[in-house]
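# Descriptive analysis of the structure
Here are the chains, one letter per residue:
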Amino acid sequence: MPDHGDVQRVADAAGLPAAGWNDLLSAEDFFQTPRWLAVQERNGGTTLDFLIRRRAGRPVAGLVAAWADERVPWLLARPDTLLANACDEDLTGARRLRKTLAGEEADLASTLLPSLVLGGRHLGRTRMLTTPSATRQDLHTLLEHAEGLATQRGAATVCFPHVDVRDTWLIDVLEERGYDWHTSEHYCWLPIPPGGFDEYLADMTQHRRRRVRLERRALAAAGVEVRLEPLTTALAPRLGQLDANLLAKYGNPADPEHSAGLLAWIAEVMGDDAMVSLARMDGEIIGFGLVLRSTARGEQQWFGHRAGFDYAAKGKLPLYYEVLYYRVLEAAAEQGATVLHAGVGSTAAKLARGCLSSEQRSYLLPLPHSTSTLTVPSPRAHAESRSTREVTP
(Lines give C-alpha, C1' and ligand atoms only; values in the text may rest on other atoms or scores of the structure.)
Protein backbone atom coordinates (compact mmCIF):
# COMPACT_ATOMS: atom_id res chain seq x y z
CA MET A 1 0.00 0.00 0.00
CA PRO A 2 1.35 3.50 -0.71
CA ASP A 3 2.27 5.57 2.32
CA HIS A 4 1.47 8.89 0.63
CA GLY A 5 4.94 10.16 1.45
CA ASP A 6 7.81 11.61 -0.50
CA VAL A 7 11.35 12.93 -0.07
CA GLN A 8 12.01 16.60 -0.69
CA ARG A 9 15.45 18.02 -1.45
CA VAL A 10 15.95 21.60 -0.23
CA ALA A 11 18.48 23.62 -2.20
CA ASP A 12 20.22 25.39 0.64
CA ALA A 13 20.07 26.13 4.36
CA ALA A 14 18.20 29.37 3.75
CA GLY A 15 15.24 27.38 2.42
CA LEU A 16 14.99 25.02 5.39
CA PRO A 17 12.70 27.05 7.69
CA ALA A 18 10.03 27.40 4.99
CA ALA A 19 10.22 23.64 4.40
CA GLY A 20 9.37 22.92 8.04
CA TRP A 21 12.88 21.84 9.12
CA ASN A 22 12.60 23.59 12.48
CA ASP A 23 9.70 21.30 13.40
CA LEU A 24 12.20 18.43 13.46
CA LEU A 25 14.67 20.04 15.89
CA SER A 26 15.18 19.61 19.62
CA ALA A 27 17.49 21.69 21.82
CA GLU A 28 20.18 19.02 21.36
CA ASP A 29 20.23 19.55 17.59
CA PHE A 30 22.00 22.91 17.45
CA PHE A 31 24.48 21.76 14.81
CA GLN A 32 21.60 20.92 12.48
CA THR A 33 19.79 24.24 12.80
CA PRO A 34 19.43 26.28 9.60
CA ARG A 35 21.63 29.04 10.99
CA TRP A 36 24.50 26.73 11.80
CA LEU A 37 24.13 24.85 8.53
CA ALA A 38 24.46 28.22 6.81
CA VAL A 39 27.83 28.60 8.58
CA GLN A 40 28.88 25.16 7.33
CA GLU A 41 27.79 25.93 3.77
CA ARG A 42 30.31 28.75 3.76
CA ASN A 43 33.01 27.01 5.74
CA GLY A 44 32.87 23.33 4.85
CA GLY A 45 34.67 23.18 1.51
CA THR A 46 32.04 20.88 0.04
CA THR A 47 28.40 20.54 -1.02
CA LEU A 48 25.61 19.90 1.46
CA ASP A 49 22.28 18.26 0.65
CA PHE A 50 19.17 18.61 2.82
CA LEU A 51 16.59 15.83 2.59
CA ILE A 52 13.14 15.90 4.19
CA ARG A 53 10.77 12.97 4.42
CA ARG A 54 7.16 14.21 4.21
CA ARG A 55 3.91 12.38 4.84
CA ALA A 56 0.54 14.00 4.19
CA GLY A 57 2.44 17.17 3.42
CA ARG A 58 4.15 17.35 6.83
CA PRO A 59 7.87 16.81 7.57
CA VAL A 60 8.48 13.75 9.73
CA ALA A 61 12.22 13.19 9.25
CA GLY A 62 15.23 15.13 7.99
CA LEU A 63 18.78 14.30 6.96
CA VAL A 64 21.86 16.40 6.24
CA ALA A 65 24.30 14.92 3.71
CA ALA A 66 27.84 16.17 3.01
CA TRP A 67 30.06 15.04 0.14
CA ALA A 68 33.48 13.91 1.42
CA ASP A 69 36.51 13.29 -0.76
CA GLU A 70 40.24 13.69 -0.12
CA ARG A 71 39.97 17.48 -0.44
CA VAL A 72 37.79 18.06 2.62
CA PRO A 73 39.77 18.95 5.75
CA TRP A 74 37.30 17.85 8.44
CA LEU A 75 39.21 14.67 9.17
CA LEU A 76 37.22 13.55 12.22
CA ALA A 77 34.03 13.24 10.19
CA ARG A 78 35.61 11.45 7.21
CA PRO A 79 35.22 7.67 7.14
CA ASP A 80 38.82 6.92 6.10
CA THR A 81 40.56 9.01 8.75
CA LEU A 82 38.00 8.00 11.38
CA LEU A 83 38.69 4.32 10.74
CA ALA A 84 42.46 4.83 10.64
CA ASN A 85 42.41 6.68 13.97
CA ALA A 86 40.15 4.04 15.50
CA CYS A 87 42.55 1.30 14.40
CA ASP A 88 45.49 3.19 15.90
CA GLU A 89 43.59 3.44 19.20
CA ASP A 90 42.34 -0.16 18.94
CA LEU A 91 38.71 0.93 19.34
CA THR A 92 35.96 -1.68 19.23
CA GLY A 93 35.28 -3.07 15.77
CA ALA A 94 37.87 -0.96 13.97
CA ARG A 95 40.48 -3.54 12.98
CA ARG A 96 37.83 -6.08 12.06
CA LEU A 97 36.04 -3.55 9.88
CA ARG A 98 39.25 -2.45 8.20
CA LYS A 99 40.07 -6.04 7.36
CA THR A 100 36.55 -6.57 6.01
CA LEU A 101 36.45 -3.41 3.89
CA ALA A 102 40.00 -2.83 2.79
CA GLY A 103 42.48 -5.33 4.17
CA GLU A 104 45.34 -4.55 6.53
CA GLU A 105 47.55 -2.77 4.00
CA ALA A 106 45.05 -1.11 1.67
CA ASP A 107 44.80 2.66 1.45
CA LEU A 108 41.61 3.62 3.25
CA ALA A 109 41.09 6.85 1.33
CA SER A 110 41.04 5.07 -2.03
CA THR A 111 38.74 2.38 -0.61
CA LEU A 112 36.22 4.48 1.34
CA LEU A 113 36.20 7.78 -0.56
CA PRO A 114 34.35 9.53 -1.94
CA SER A 115 31.68 9.13 0.69
CA LEU A 116 28.30 10.66 1.40
CA VAL A 117 28.49 11.62 5.08
CA LEU A 118 25.05 11.63 6.72
CA GLY A 119 23.62 13.20 9.85
CA GLY A 120 25.83 16.30 9.73
CA ARG A 121 29.60 16.60 9.76
CA HIS A 122 29.81 17.81 13.36
CA LEU A 123 31.50 15.68 16.01
CA GLY A 124 29.12 13.68 18.14
CA ARG A 125 25.43 12.84 17.67
CA THR A 126 25.28 12.71 13.91
CA ARG A 127 21.77 11.48 13.36
CA MET A 128 18.54 11.68 11.47
CA LEU A 129 16.06 14.26 12.72
CA THR A 130 12.58 12.91 13.45
CA THR A 131 9.24 13.98 14.86
CA PRO A 132 7.30 11.81 17.34
CA SER A 133 5.08 10.67 14.46
CA ALA A 134 8.01 9.28 12.42
CA THR A 135 8.00 5.55 11.75
CA ARG A 136 10.78 3.09 11.03
CA GLN A 137 9.63 3.10 7.42
CA ASP A 138 10.24 6.84 7.28
CA LEU A 139 13.86 6.25 8.31
CA HIS A 140 14.24 3.46 5.75
CA THR A 141 12.75 5.63 3.01
CA LEU A 142 15.01 8.59 3.73
CA LEU A 143 18.10 6.38 3.92
CA GLU A 144 17.17 4.64 0.68
CA HIS A 145 16.94 8.03 -1.01
CA ALA A 146 20.33 9.12 0.37
CA GLU A 147 21.98 5.86 -0.64
CA GLY A 148 20.55 6.23 -4.14
CA LEU A 149 21.93 9.75 -4.34
CA ALA A 150 25.35 8.49 -3.24
CA THR A 151 25.30 5.71 -5.83
CA GLN A 152 24.32 8.11 -8.61
CA ARG A 153 27.26 10.33 -7.73
CA GLY A 154 29.73 7.48 -7.69
CA ALA A 155 30.37 7.31 -3.95
CA ALA A 156 32.28 4.35 -2.56
CA THR A 157 30.52 4.47 0.81
CA VAL A 158 27.78 6.06 2.87
CA CYS A 159 28.78 7.00 6.41
CA PHE A 160 27.23 8.21 9.66
CA PRO A 161 30.42 9.27 11.48
CA HIS A 162 29.23 9.61 15.09
CA VAL A 163 26.00 7.77 15.91
CA ASP A 164 25.22 7.84 19.63
CA VAL A 165 24.49 4.42 21.12
CA ARG A 166 21.39 5.97 22.73
CA ASP A 167 19.88 6.43 19.24
CA THR A 168 18.73 2.81 19.24
CA TRP A 169 16.04 3.25 16.62
CA LEU A 170 18.48 4.64 14.06
CA ILE A 171 21.02 1.94 14.92
CA ASP A 172 18.43 -0.79 14.36
CA VAL A 173 17.50 0.62 10.95
CA LEU A 174 21.14 1.07 9.89
CA GLU A 175 21.98 -2.51 10.82
CA GLU A 176 18.88 -3.78 9.01
CA ARG A 177 20.21 -2.01 5.90
CA GLY A 178 23.60 -3.69 6.13
CA TYR A 179 25.72 -0.94 7.71
CA ASP A 180 28.70 -2.09 9.78
CA TRP A 181 30.34 -0.06 12.56
CA HIS A 182 33.28 0.72 14.75
CA THR A 183 33.56 2.91 17.84
CA SER A 184 34.58 6.41 16.77
CA GLU A 185 34.60 8.56 19.92
CA HIS A 186 32.89 9.33 23.21
CA TYR A 187 30.60 12.34 23.54
CA CYS A 188 30.46 14.26 26.81
CA TRP A 189 27.91 16.61 28.32
CA LEU A 190 27.42 18.22 31.72
CA PRO A 191 23.96 18.56 33.30
CA ILE A 192 23.83 22.06 34.78
CA PRO A 193 22.72 22.04 38.43
CA PRO A 194 20.08 24.66 39.26
CA GLY A 195 22.33 25.93 42.05
CA GLY A 196 25.03 26.80 39.56
CA PHE A 197 28.71 26.59 40.33
CA ASP A 198 28.29 26.24 44.10
CA GLU A 199 26.09 23.15 43.67
CA TYR A 200 28.44 21.82 40.99
CA LEU A 201 31.39 22.21 43.35
CA ALA A 202 29.52 20.63 46.27
CA ASP A 203 28.95 17.46 44.23
CA MET A 204 32.71 16.98 43.68
CA THR A 205 35.04 14.93 45.85
CA GLN A 206 36.92 16.86 48.53
CA HIS A 207 40.16 16.44 46.58
CA ARG A 208 38.64 17.78 43.37
CA ARG A 209 36.98 20.72 45.18
CA ARG A 210 40.35 21.67 46.66
CA ARG A 211 42.03 21.54 43.26
CA VAL A 212 39.39 23.72 41.63
CA ARG A 213 39.67 26.32 44.37
CA LEU A 214 43.46 26.36 44.07
CA GLU A 215 43.18 26.78 40.30
CA ARG A 216 40.85 29.77 40.66
CA ARG A 217 43.06 31.36 43.31
CA ALA A 218 46.10 30.99 41.05
CA LEU A 219 44.29 32.82 38.24
CA ALA A 220 43.14 35.59 40.59
CA ALA A 221 46.69 36.01 41.94
CA ALA A 222 47.99 36.35 38.37
CA GLY A 223 45.46 39.07 37.64
CA VAL A 224 43.47 36.96 35.16
CA GLU A 225 39.82 37.90 34.71
CA VAL A 226 37.38 35.58 32.91
CA ARG A 227 33.93 36.69 31.81
CA LEU A 228 31.33 35.79 29.21
CA GLU A 229 30.64 38.28 26.41
CA PRO A 230 28.84 38.28 23.05
CA LEU A 231 31.02 37.24 20.12
CA THR A 232 31.55 40.30 17.91
CA THR A 233 33.37 40.92 14.66
CA ALA A 234 35.69 43.30 16.55
CA LEU A 235 36.96 40.36 18.64
CA ALA A 236 37.52 38.11 15.62
CA PRO A 237 41.13 39.11 14.68
CA ARG A 238 42.54 38.39 18.16
CA LEU A 239 40.46 35.24 18.64
CA GLY A 240 41.55 34.04 15.19
CA GLN A 241 45.17 34.20 16.34
CA LEU A 242 44.40 32.18 19.46
CA ASP A 243 42.29 29.66 17.54
CA ALA A 244 45.15 29.09 15.11
CA ASN A 245 47.53 28.61 18.05
CA LEU A 246 45.47 25.71 19.34
CA LEU A 247 45.02 24.14 15.91
CA ALA A 248 48.76 24.28 15.26
CA LYS A 249 49.54 22.80 18.69
CA TYR A 250 47.57 19.67 17.81
CA GLY A 251 48.97 19.31 14.30
CA ASN A 252 46.11 20.81 12.31
CA PRO A 253 46.46 23.31 9.46
CA ALA A 254 46.26 26.76 11.03
CA ASP A 255 45.62 30.14 9.42
CA PRO A 256 44.82 33.08 11.74
CA GLU A 257 43.11 35.04 8.98
CA HIS A 258 40.89 32.13 8.08
CA SER A 259 40.00 31.53 11.73
CA ALA A 260 39.20 35.23 12.17
CA GLY A 261 36.98 35.21 9.09
CA LEU A 262 35.10 32.16 10.33
CA LEU A 263 34.55 33.67 13.78
CA ALA A 264 33.35 36.93 12.24
CA TRP A 265 30.89 34.98 10.09
CA ILE A 266 29.63 33.04 13.13
CA ALA A 267 29.10 36.34 14.96
CA GLU A 268 27.11 37.70 12.01
CA VAL A 269 24.94 34.61 11.57
CA MET A 270 24.40 33.62 15.20
CA GLY A 271 23.97 37.02 16.84
CA ASP A 272 23.38 36.85 20.60
CA ASP A 273 23.44 33.05 20.53
CA ALA A 274 27.23 33.09 19.98
CA MET A 275 29.14 33.92 23.15
CA VAL A 276 32.79 33.84 24.16
CA SER A 277 34.29 33.12 27.54
CA LEU A 278 37.28 35.49 27.53
CA ALA A 279 40.37 35.40 29.75
CA ARG A 280 42.18 38.73 30.00
CA MET A 281 45.48 39.57 31.69
CA ASP A 282 46.79 43.13 31.76
CA GLY A 283 43.97 44.03 29.36
CA GLU A 284 45.07 41.48 26.71
CA ILE A 285 42.93 38.50 25.70
CA ILE A 286 45.00 35.37 26.40
CA GLY A 287 42.34 32.69 26.03
CA PHE A 288 38.80 32.11 24.83
CA GLY A 289 36.10 29.50 24.51
CA LEU A 290 33.27 29.85 22.01
CA VAL A 291 29.85 28.86 23.36
CA LEU A 292 26.73 28.51 21.23
CA ARG A 293 23.22 28.70 22.66
CA SER A 294 20.36 26.53 21.44
CA THR A 295 16.72 27.01 22.42
CA ALA A 296 14.01 24.69 21.15
CA ARG A 297 10.75 23.29 22.54
CA GLY A 298 11.10 25.50 25.63
CA GLU A 299 14.57 24.22 26.61
CA GLN A 300 17.92 25.99 26.48
CA GLN A 301 21.21 24.10 26.05
CA TRP A 302 24.76 25.39 25.50
CA PHE A 303 27.46 23.94 23.24
CA GLY A 304 31.20 24.43 23.58
CA HIS A 305 32.66 24.70 20.10
CA ARG A 306 36.14 26.19 19.70
CA ALA A 307 38.90 27.56 21.89
CA GLY A 308 42.31 29.14 21.70
CA PHE A 309 45.12 30.40 23.92
CA ASP A 310 48.20 32.59 23.96
CA TYR A 311 50.52 29.87 25.19
CA ALA A 312 53.39 32.22 26.01
CA ALA A 313 51.18 34.35 28.25
CA LYS A 314 49.31 31.36 29.64
CA GLY A 315 52.41 29.53 30.81
CA LYS A 316 51.33 27.08 33.50
CA LEU A 317 48.21 28.99 34.47
CA PRO A 318 45.16 26.65 34.72
CA LEU A 319 43.12 28.55 32.11
CA TYR A 320 41.52 25.72 30.16
CA TYR A 321 38.80 24.57 32.54
CA GLU A 322 38.15 28.04 33.96
CA VAL A 323 37.47 29.35 30.46
CA LEU A 324 35.59 26.35 29.07
CA TYR A 325 33.79 24.98 32.14
CA TYR A 326 33.64 26.92 35.37
CA ARG A 327 32.80 30.41 34.12
CA VAL A 328 30.52 29.06 31.40
CA LEU A 329 28.67 26.87 33.89
CA GLU A 330 28.07 29.85 36.17
CA ALA A 331 26.58 31.89 33.34
CA ALA A 332 24.56 29.00 31.94
CA ALA A 333 22.93 28.34 35.32
CA GLU A 334 22.12 32.05 35.67
CA GLN A 335 20.35 31.96 32.28
CA GLY A 336 18.40 28.77 32.98
CA ALA A 337 20.26 26.43 30.62
CA THR A 338 19.97 22.74 31.42
CA VAL A 339 22.98 21.16 29.66
CA LEU A 340 26.51 22.19 28.69
CA HIS A 341 27.71 20.03 25.79
CA ALA A 342 31.46 19.38 26.01
CA GLY A 343 31.70 17.30 22.83
CA VAL A 344 34.42 14.78 22.03
CA GLY A 345 38.04 14.47 23.11
CA SER A 346 39.74 14.38 26.55
CA THR A 347 37.02 12.10 27.88
CA ALA A 348 38.74 11.12 31.14
CA ALA A 349 39.37 14.75 32.11
CA LYS A 350 35.76 15.68 31.35
CA LEU A 351 34.39 12.76 33.34
CA ALA A 352 36.55 13.83 36.29
CA ARG A 353 34.80 17.22 36.16
CA GLY A 354 31.28 15.86 36.34
CA CYS A 355 30.46 15.15 32.70
CA LEU A 356 28.47 12.18 31.48
CA SER A 357 29.51 10.37 28.31
CA SER A 358 28.12 8.11 25.62
CA GLU A 359 29.84 5.95 23.02
CA GLN A 360 29.74 7.15 19.42
CA ARG A 361 29.91 4.76 16.44
CA SER A 362 30.85 5.29 12.82
CA TYR A 363 28.39 3.35 10.63
CA LEU A 364 29.56 2.50 7.11
CA LEU A 365 27.83 1.05 4.06
CA PRO A 366 29.98 0.07 1.06
CA LEU A 367 28.22 0.77 -2.23
CA PRO A 368 28.44 -1.27 -5.43
CA HIS A 369 30.70 0.25 -8.05
CA SER A 370 28.83 2.93 -9.97
CA THR A 371 29.34 3.62 -13.65
CA SER A 372 27.23 6.77 -13.50
CA THR A 373 28.49 9.76 -15.41
CA LEU A 374 26.52 12.16 -13.22
CA THR A 375 28.69 15.12 -12.29
CA VAL A 376 29.41 15.37 -8.58
CA PRO A 377 28.59 18.85 -7.25
CA SER A 378 31.72 20.95 -6.92
CA PRO A 379 32.64 22.48 -3.57
CA ARG A 380 31.08 25.84 -2.90
CA ALA A 381 33.28 28.80 -3.71
CA HIS A 382 34.08 29.57 -0.14
CA ALA A 383 37.27 29.08 1.84
CA GLU A 384 37.81 25.54 3.05
CA SER A 385 37.66 24.95 6.75
CA ARG A 386 41.02 24.55 8.42
CA SER A 387 39.56 23.07 11.59
CA THR A 388 39.31 19.31 12.10
CA ARG A 389 37.69 19.47 15.55
CA GLU A 390 34.38 20.97 16.56
CA VAL A 391 35.38 20.89 20.22
CA THR A 392 38.96 21.42 21.21
CA PRO A 393 41.09 18.60 22.59
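Data block above holds the structure.
Residues numbered from 1 in each chain as written. Predicted model: local features only at pLDDT ≥ 70, side-chain atom pairs only at ≥ 80, totals over all residues. Heavy atoms only, no water.

## Points about the nonpolar core
Core analysis: the biggest nonpolar cluster contains 50 residues, and W21, L239, I266, L290 and L292 have the highest contact counts within it. Top element by residues in this core is helix α10 (residues 256-270). It accounts for 8 residues. Those residues in contact with I266 that sit more than four places away from it in its chain are W36, V39, L231, G271, A274, L290 and L292. F197, L219, Y320 and L324 belong to the second largest nonpolar core, which has 37 residues in total. (Core = buried A, V, L, I, M, F, W, Y, C linked by side-chain atoms within 4.5 Å. Buried < 20%, exposed > 50% of the residue type's maximum accessible area, 1.4 Å probe, protein only. Helix = DSSP H or I, 4+ residues; strand = E, 2+ residues; numbered from the N terminus. Contact = heavy atoms within 4.5 Å.)

## A look at unusual backbone geometry
Of the consecutive residues L113 and P114, the connecting peptide bond is found in the cis state with omega at -5°. Assignment of secondary structure puts P114 in the loop between α4 (108-112) and β4 (115-118). Of note in this structure, R125 is not a glycine but carries a positive phi near 60°.

## Things to note about the packing of aromatic side chains
By convention here, two paired aromatic rings are described through the distance between centres and the angle between planes. Applying the stated rule across the entire model yields 15 aromatic pairs. Seen in terms of ring centroids, F30 and W36 are 5.5 Å apart; in terms of plane orientation they differ by 45°. Their pairing is tilted. Take F30: its relative accessible area is 2%, and that puts it in the buried class. Taking 5.4 Å as the distance between ring centres and 80° as the angle between the ring planes, the aromatic pair formed by F31 and F303 counts as edge-to-face. Here F31 is found in the loop between β1 (5-10) and α1 (34-43), whereas its partner F303 is found in strand β11 (residues 299-309), with 272 residues between them in sequence. In this structure, F31 and F303 share a single accessibility class: buried. Above the face of the W265 ring, R42 is positioned so that its terminal group lies 4.3 Å from the ring centre. In this arrangement the basic side chain of R353 is found over the ring face of Y321, its NZ or CZ atom lying 3.6 Å from the centre. (Phe/Tyr/Trp six-rings, centres within 6.5 Å; stacked < 30°, edge-to-face > 60°. Lys NZ or Arg CZ within 6 Å of the ring centre and 35° of its normal.)

## Some points on the pattern of salt bridges
Taken as a whole and assessed by the stated rule, the structure comprises 27 salt bridges. As a salt-bridge pair, R127 and D29 come within 2.9 Å of each other at their nearest N and O atoms. Residue R127 is found in the loop between β4 and β5 (129-130), and its partner D29 is found in the loop between β1 and α1; the two are separated by 98 residues along the sequence. Overall, the relative accessible area of 14% leaves R127 in the buried class. (Salt bridge = Lys/Arg side-chain N within 4 Å of Asp/Glu carboxyl O.)

## A few points about the pairing of β11
The buried fraction of β11 is high, at 10 of 11 residues. Where strand β10 (residues 284-296) lies against β11, 10 bridges are found, and the strand directions are antiparallel. Within β11, the position partnered with A296 by the bridge is E299. Linking β10 back to β11 in an antiparallel pair, the connection comprises 2 residues, with R297 at a positive phi of about 55°. Pairing of β11 with strand β12 (residues 339-344), which is carried by 3 bridges, proceeds in the parallel orientation. Looking at the pairing, Q301 lines up with V339 of β12. (Pairing = 2+ DSSP bridges.)

## Focus on the packing of α1 against α10
It is at 10 Å that the axes of α1 and α10 come closest, and there the two elements cross at 155°. The angle between α1 and α10 falls in the class roughly antiparallel. Crossing geometry of α1 relative to α10 is assigned as right-handed. Side by side, α1 and α10 meet where R35, W36, A38, V39, R42 and N43 of the first sit next to H258, L262, W265, I266, V269 and M270 of the second. Partitioned by chemical class, the residues of the contact of α1 with α10 number 8 nonpolar, 2 polar and 2 charged. (Axes fitted to C-alpha atoms, helices over the stretch in contact; angles between N-to-C directions. Parallel < 35°, antiparallel > 145°, perpendicular 65-115°, else oblique. Left-handed = near helix turned anticlockwise from the far one by under 90°. Nonpolar A, V, L, I, M, F, W, Y, C, P; charged D, E, K, R; others polar.)

## Let's talk about the side chain of R127
Side chain to side chain, R127 and D29 meet in a polar contact 2.9 Å long. Those residues in contact with R127 that sit more than four places away from it in its chain are S26, D29, Q32, L63, G119, F160, D167 and L170. (Polar contact = N/O pair within 3.5 Å; in protein donor to acceptor, adjacent residues only side chain to side chain.)

## Things to note about helix α5 (residues 136-152)
Taking 1.5 Å of rise per residue, the 17 residues of α5 would be expected to cover 24 Å, and the 24 Å separating its terminal C-alpha atoms lies within 8% of that figure. Backbone geometry just downstream of α5 places G154 in the positive-phi region, at approximately 85°. (Expected span 1.5 Å × (residues − 1).)

## A few points about the layout of surface pockets
In this structure, the second largest pocket encloses a volume near 190 Å³. Along the walls of the second largest pocket sit 13 residues, with L25, T33, S294, T295 and A296 positioned nearest its centre. Elements supplying a minimum of two residues to the lining of the second largest pocket: α1 and β10. Per-element accounting of the lining of the second largest pocket gives the leading share, 4 residues, to β10. Looking at side-chain class alone, the lining of the second largest pocket contains 5 nonpolar, 5 polar and 3 charged residues. (1 Å grid on protein atoms, 1.4 Å probe; cavity = no way out; pocket = protein on both sides within 12 Å on 5 of 7 lines; lining within 4 Å. Points joined across faces, edges and corners; volume = space filled by probe spheres on them.)

Honestly, that's just the spatial picture; any functional story needs more than this.
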